[in-house]
Number of protein chains: 2
Amino acid sequence: MLAAIERIKSYIHRTPVLTCHTLDQIAGAKLFFKCENFQKMGAFKMRGAANAILQLTEGERERGVATHSSGNFAQAMALAAQMLGIPAFIVMPSNSPEVKKAAVRGYGGEIIECEPTLAAREATLQQVVERTGATFIHPFNDDHVIQGQGTAALELLQDVQDLDFIIAPVGGGGLLGGTALAAHHFSPKTKVWGGEPLGANDAWQSKQAGKIIPQTNPQTIADGLRTSLGDKTWPIIRDHVERVVLVEEDEIVASLRLLMERMKIVVEPSGAVALAAVLKEKAALAGKRVGVILSGGNVDLKVLAGLFG
Amino acid sequence: MLAAIERIKSYIHRTPVLTCHTLDQIAGAKLFFKCENFQKMGAFKMRGAANAILQLTEGERERGVATHSSGNFAQAMALAAQMLGIPAFIVMPSNSPEVKKAAVRGYGGEIIECEPTLAAREATLQQVVERTGATFIHPFNDDHVIQGQGTAALELLQDVQDLDFIIAPVGGGGLLGGTALAAHHFSPKTKVWGGEPLGANDAWQSKQAGKIIPQTNPQTIADGLRTSLGDKTWPIIRDHVERVVLVEEDEIVASLRLLMERMKIVVEPSGAVALAAVLKEKAALAGKRVGVILSGGNVDLKVLAGLFG
């Protein structure tokens, strides 16, 4: 993973670690916020996208990369490909918000629309790969992507000594899995927890059951965390994440409010889930040094207006 | 002013200077944002309050400090006094929002309410000073306060070489005056401009007339910029500020939006005025290195919701 940091460093920002006296007082712990909301294109996904693309051969790169995503990974893949001068083919459901399509196009990505079903998405992706020769890169269930996402936690461990905990949100598990690997290899005494919305609690359920329980019908404002774990992220989370903390929707919104009012930063709802988990588990974390990964900052101001109006 | 930096450094944050590739592209210039929205209590006012209090004698300090303000300076004075363990008496109009009174009380300030008129404010302040022996410190028309506010620009000049311009918002003129003194003494080739709302354009009018034109009936969302210049801030602005750029309300809101969407930071409307001025004067600033002072981040989320809903 040290190699990944070197590999991607000219394609990403080394994001700052912020602290906030007021939030420390509220949490009763010493918090260190890894601000991936300040990352290029606004989220940690740039790390995994860059790391995966950079491990392709020259010939593979020339034919480009393909993925399916309607969220931050679509933009990350498009931007990373643009920076490397190669094509990016992004399969998106036809009902994706226009603002998200525009963002992908703005980074030079070519959008291929499909019906909003899993079957149509996979069939369309397969067609694109066959037609273009592009390499498919999964948004999270990919070792190089997981490794890239883990560089956020590794930088945090490099910048802050003696963390007792690192808490990251969990959706597909790329960020949380990468975080867990970073701690496991570079700071084994640092415990890693996931923060997950109660309304999309497949990681929590999977930990309880000891096997992947797929997410069905997720209900949460944290739109980055609605996906299920994958077969590459699950074993890492099973083995190296101590626990998954569930948080309610109003707790996510309260954390968003604290981040905006007290730290003066804009974070997307998924990004506020890790802080919500910290506050939920104040008793267990009292007096500890806790790394909190703020995963991204791409939120429509209309959504914020709806929450705080 | 170097002495002021030393004097106040344990009472304030040395705030970061952020850059943003996207905003550079939009502006056509290289922008360096001095983030006083990350300052203690959320605005540059901490600098002036701390610098003024720290120049009192021990005997004066014991009797405390007094000011009149319904905004950030009230909170700054209360917090700086609290950090030094001395009383702060804050005269506030009885119609001040409860949230602002609560903030002052939260920092240990004692609020003395008065009728919302200039005469009542001055009479009440006089009574408080006579009763308590506290030293009156004006929110901006005070040499030590001006010098303290100027430390933000001085830090910026220390951190970023060869700035062609620094742009700061102007209300009473403490921040802009201090900024102009910092550039005048430490980087004379750096030009200083003010940004001012069209609906509260007393500094612009004063520059045109060559004498102080008081603000009457200000109309702007930038609530920190509704005050008139004072007789200590005006001569500095007259002599050392090259020009005042007027911006319209929708330009202030557009800059707020850019700061939130692109830089992922929360800034109060007054703080966005300097960026609005940069964008208004793109042609004149093309290719230049421009310092932009983001003066504070204390904004009610309901206000933001109203703007972006």
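None of the values given here were measured: they were computed from a predicted structure.

1. A few points about the overall build of chain A
What chain A contains, in helices and strands, is 15 helices and 10 strands. Compactness check: chain A gives a C-alpha radius of gyration of 18 Å against a globular reference of 19 Å for 309 residues, within 12% of the reference. Taken along the three principal axes of its C-alpha coordinates, chain A extends 55 × 40 × 40 Å. Buried residues in chain A amount to 55% of all 309 residues. Counting contacts in chain A only where the partners sit at least 6 residues apart, residues at least 24 apart contribute 74% of the total.

2. Section: the interface of chain B and chain A
Of the residues lining the interface, 17 residues belong to chain B; the matching set on chain A comes to 17 residues. Residue assignment for the side of chain B that touches chain A shows that the elements contributing at least two residues are helix 12 (249-261) and helix 15 (301-308) of chain B. Counting residues per element, the side of chain B that touches chain A draws most heavily on helix 15 of chain B, which supplies six residues. Per-class residue counts for the side of chain B that touches chain A are eight nonpolar, five polar and four charged.

3. Points about the sheet that holds strand 7 (residues 165-169) of chain B
All names here are of chain B. The mixed open sheet is built from six strands, whose spatial order is 1-2-10-7-8-9. The open sheet has two free edges, formed respectively by strand 1 (17-18) and strand 9 (243-247), since each of these has just one partner strand. Where strand 7 meets strand 8 (residues 191-197), five bridges bridge the pair, whose relative direction is parallel. In the sheet register, Ile167 faces strand 8, and the bridge partner there is Trp193. Across the face of the sheet, helix 10 (residues 202-209) comes into contact with strand 8 and strand 9 while running at roughly 140° to strand 9.

4. Some thoughts on the relation of the copies chain B and chain A
Related by rotation about an axis and a shift along that axis, the two copies of the chain form a pair. For these two chains of identical sequence, chain B goes onto chain A by a turn of 180° and a shift of 0.0 Å along the axis, with RMSD 0.0 Å. As the rotation angle and translation indicate, the two copies are arranged about a two-fold axis. Of all interface residues in chain B, 100% are interface residues in chain A too; the two copies therefore contact each other through one and the same surface.

5. Re unusual backbone geometry
Backbone geometry places Met41 of chain A, a non-glycine residue, at a positive phi of 55°. Even without a glycine there, the phi angle at Asn217 of chain B is positive, about 50°. You can see Asn217 of chain B is positioned in the loop between helix 10 and helix 11 (233-240). Judged by the 7 C-beta atoms lying within 10 Å of it, Asn217 of chain B falls in the exposed class.

6. A closer look at the domain arrangement of chain A
Residues and elements named next belong to chain A. Entries for chain A in the domain assignment read domain 1 (2-43 + 143-308) and domain 2 (46-136). When contributions to the side of domain 1 that touches domain 2 are tallied by element, the ones reaching two or more residues are helix 1 (2-8) and helix 8 (143-159). Ranked by residues supplied to the side of domain 1 that touches domain 2, first place goes to helix 8 with eight residues. Tallied by class, the residues present in the side of domain 1 that touches domain 2 amount to nine nonpolar, 10 polar and four charged.

7. Topic: the pairing of strand 2 (residues 30-35) of chain A
Residue and element names in this part refer to chain A. Counting buried positions along strand 2 yields five of six residues, so the element is predominantly enclosed. When strand 1 (residues 17-18) meets strand 2, the two strands line up antiparallel, connected through two bridges. Across the sheet, Leu18 pairs through a bridge with Phe33, a residue of strand 2.

8. Some points on the sheet that holds strand 2 of chain A
Residue and element names in this part refer to chain A. Strand order in the open sheet formed by six strands is 1-2-10-7-8-9, with mixed pairing between adjacent strands. Taken across any chain shown, the strands that pair with only one partner, and hence form the sheet edges, are strand 1 and strand 9 (243-247). The sheet strands contacting helix 13 (residues 269-280) are strand 2, strand 7 (165-169), strand 8 (191-197), strand 9 and strand 10 (289-294), and the helix crosses strand 7 at an angle near 135°.

9. Some words on helix 13 (residues 269-280) of chain B
All names here are of chain B. Taking 1.5 Å per residue, 12 residues should reach 16 Å; helix 13 reaches 16 Å between its end C-alpha atoms and fits that length. With respect to burial, helix 13 is a largely interior element, 10 of its 12 residues being buried. Taken as a whole, helix 13 has its buried residues at Pro269, Ser270, Gly271, Ala272, Val273, Ala274, Leu275, Ala276, Ala277 and Val278.

10. Overview of the confidence of the model for chain A
For chain A, per-residue confidence averages 96 on the pLDDT scale, and residues scoring 70 or more make up 100% of the total. Among the prediction metrics, the complex's ipTM stands at 0.93, with pTM recorded as 0.94.

11. With respect to the pairing of strand 10 of chain A
All names here are of chain A. Strand 10 sits mainly inside the fold: five of its six residues count as buried. In this sheet, strand 10 lies alongside strand 2 in parallel orientation, the contact comprising six bridges. When the sheet's bridge partners are listed, Leu31 is paired in strand 10 with Val290. Bridge count for strand 7 against strand 10 is three bridges, and the pairing is parallel. For Ile167, the partnering residue across the bridge sits in strand 10 and is Val292.

Calculation notes
- Residues numbered from 1 in each chain as written.
- Chains lettered and ligands numbered in written order.
- Predicted model: local features only at pLDDT ≥ 70, side-chain atom pairs only at ≥ 80, totals over all residues.
- Helix = DSSP H or I, 4+ residues; strand = E, 2+ residues; numbered from the N terminus.
- Rg over C-alpha atoms; globule rule 2.2 N^0.38 Å.
- Buried ≥ 20, exposed ≤ 12 C-beta atoms within 10 Å, placed from the backbone.
- Contact = placed C-beta atoms within 7 Å.
- Nonpolar A, V, L, I, M, F, W, Y, C, P; charged D, E, K, R; others polar.
- Pairing = 2+ DSSP bridges.
- Axes fitted to C-alpha atoms, helices over the stretch in contact; angles between N-to-C directions.
- Least-squares fit on C-alpha atoms with pLDDT ≥ 70 in both.
- Domains from an automatic or database assignment.
- Expected span 1.5 Å × (residues − 1).
- pLDDT = per-residue confidence, 0-100.

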